[in-house]
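Structural characterization, general
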Amino acid sequence: WRGWEGAPYSTLVPSDEVTISYRHGLPVITLTLPTRRERCRFTVKPVLTTVGAFLQDVQREDKGIERAEVFATDGSKVSDGTLMEVLLMNDFKLVLNNTAYSVSPPVKDKLSSEHATEMEDIKSLVHRLFVALHLEDHQIRRERELLQKLDHLKEELLPLEQMKARIMETADAKTSRLLWVGLALMSTQGGALAWLTWWVYSWDIMEPVTYFITYGSAMAFYAYFVLTRQDYIYPHAKDRQFLHYFYRKSRKQHFNVEQYNKLKDDLAEAEESLRRLRQPLHLRLPIQEISDKD
């Protein structure tokens, strides 16, 4: 009888002569070599191997094979450039010399179900091998990068820290001086009221004066609350005045507070990353070795 495209074939071999199984997720094609009469296995990579490459491997194993072709079930020839992944999706005919083999690949869904556990084990093994081979090098390289970043941030912060210390010293001195001036004014006010009460006028005259002074102080405290939305508490008022002097002096000295705060945040983040990196459970090193590094 004549096969596809009028090519004569002497025999049509049943499908059990060519079997396809899967090992470690890769298809293994087992067939009997025509001239050597030996069973031979061919492991192919579906997404990389083409039909032409597979047929060349078969011919290399059996030098007596002069003709090797693959046909679809409808009789059309499969191109040598077709990927094996596409070929294994449907039944096909494998022709070696004058012998045609009927091949039925296993169902893909069934295959995935049978080998899912084995593939998961392989993935887990590959992951553990990667961690064992590359994690420590990655940790050491990351630690070196963080140390270099810390040195760079500290160099940038050093002049800003010195300028900030001078500005804070000036602001603190002005705030303290203002507090002492307030105490002196209150003492002077108390002494003046006492002098006016006992030596110049009488209490009957000075009582309304002290009342309006007290009422005026209450109005001043209320005005402070309206402007600042804070109660007039001495520590809070002192801190507010300190910040007022600090920012005014910073503008005069061209001290960039936003840049300073950003550098401080970056420094804290880098130090925290380095601390977490050096933890024994993360670095997978003995505690003694971590102590030596620190």
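Predicted model, so just to flag it, every value in this text is computed and none were measured. (Residues numbered from 1 in each chain as written. Predicted model: local features only at pLDDT ≥ 70, side-chain atom pairs only at ≥ 80, totals over all residues. Heavy atoms only, no water.)

Here's the deal with the sheet that holds strand S4 (residues 39-43)
Within the open sheet, the three strands sit side by side as S2-S3-S4. Their pairing is antiparallel. Strands at the two margins of the open sheet, each flanked by one partner only, are strand S2 (19-23) and S4. Ignoring strand direction, the axes of neighbouring strands in this sheet form an average angle of 30 degrees. Taken together, the five bridges between strand S3 (residues 26-32) and S4 define a ladder with antiparallel strand orientation. Pairing of Thr32 across the sheet is with Arg39, part of S4. Set on the sheet, helix H1 (residues 51-61) makes contact with S3 and S4; between it and S4 the angle comes to about 145 degrees. (Pairing = 2+ DSSP bridges. Helix = DSSP H or I, 4+ residues; strand = E, 2+ residues; numbered from the N terminus. Axes fitted to C-alpha atoms, helices over the stretch in contact; angles between N-to-C directions. Contact = heavy atoms within 4.5 Å.)

What to know about the nonpolar core
Of all hydrophobic cores here, the largest spans 25 residues; its most connected members are Leu31, Phe54, Val70, Phe92, Leu94 and Leu96. Every element with two or more residues in this core is listed here: S2, S3, S4, H1, strand S5 (68-72), helix H2 (84-87), strand S6 (92-96) and strand S7 (99-103). With four residues, the single largest contributor to this core is H1. For Leu31, the residues in contact, after removing those within four places along its chain, are Glu17, Val18, Glu38, Arg39, Cys40, Phe42, Phe54, Leu94 and Leu96. Membership of the second largest hydrophobic core comes to 18 residues, among which are Tyr245, Phe246, Phe255 and Tyr260. (Core = buried A, V, L, I, M, F, W, Y, C linked by side-chain atoms within 4.5 Å. Buried < 20%, exposed > 50% of the residue type's maximum accessible area, 1.4 Å probe, protein only.)

So, the UniProt feature "transmembrane region" (unreviewed entry) in the protein
As recorded in UniProt, the sites labelled "transmembrane region" (unreviewed entry) are residues 178-197 and 209-227. Split by type, residues 178-197 is 100% helix and 0% strand. Its first and last C-alpha atoms lie 28 Å apart. Across residues 209-227, helical content stands at 100% and strand content at 0%; the span's end C-alpha atoms are separated by 27 Å. (UniProt positions renumbered as here; feature names shortened; annotations may be inferred.)

Thoughts on helix H5 (residues 234-253)
For an α-helix, the turn length of 3.6 residues means that residues three or four places apart are oriented alike. Here H5 spans 28 Å end to end across 20 residues, near enough to the 28 Å set by a 1.5 Å rise per residue. Taken together, the buried positions of H5 are occupied by Ala237, Phe242, Tyr245, Phe246 and Ser250. His254 lies just past H5 and shows a positive phi near 60 degrees. (Expected span 1.5 Å × (residues − 1).)

A few points about unusual backbone geometry
Excluding glycine, residues mostly have negative phi values, and the peptide bonds linking residues are mostly trans. The phi dihedral of Asn97 falls on the positive side, at around 55 degrees, and the residue is not glycine. Positionally, Asn97 belongs in the loop between S6 and S7.

Some thoughts on the packing of aromatic side chains
Counting across every chain of the model gives seven aromatic pairs. Aromatic pair Tyr211 and Phe212: ring centres 5.3 Å apart, planes at 75 degrees, arrangement edge-to-face. Relative accessible area serves as the criterion here: at 56%, Phe212 is assigned to the exposed category. On the basis of an interplanar angle of 15 degrees and a centroid distance of 6.5 Å, the ring pair of Tyr211 and Tyr215 is categorised as stacked. Residue Tyr211 and its partner Tyr215 are located together in helix H4 (residues 203-228), separated by four residues, close to a single helical turn. We classify Tyr211 as exposed; its relative accessible area is 53%. On the basis of relative accessibility, which here comes to 48%, the residue Tyr215 falls in the partly exposed class. Ring pairing ties together the aromatic residues Phe242, Phe246, Tyr247, Phe255 and Tyr260, which thus form one cluster. (Phe/Tyr/Trp six-rings, centres within 6.5 Å; stacked < 30°, edge-to-face > 60°.)

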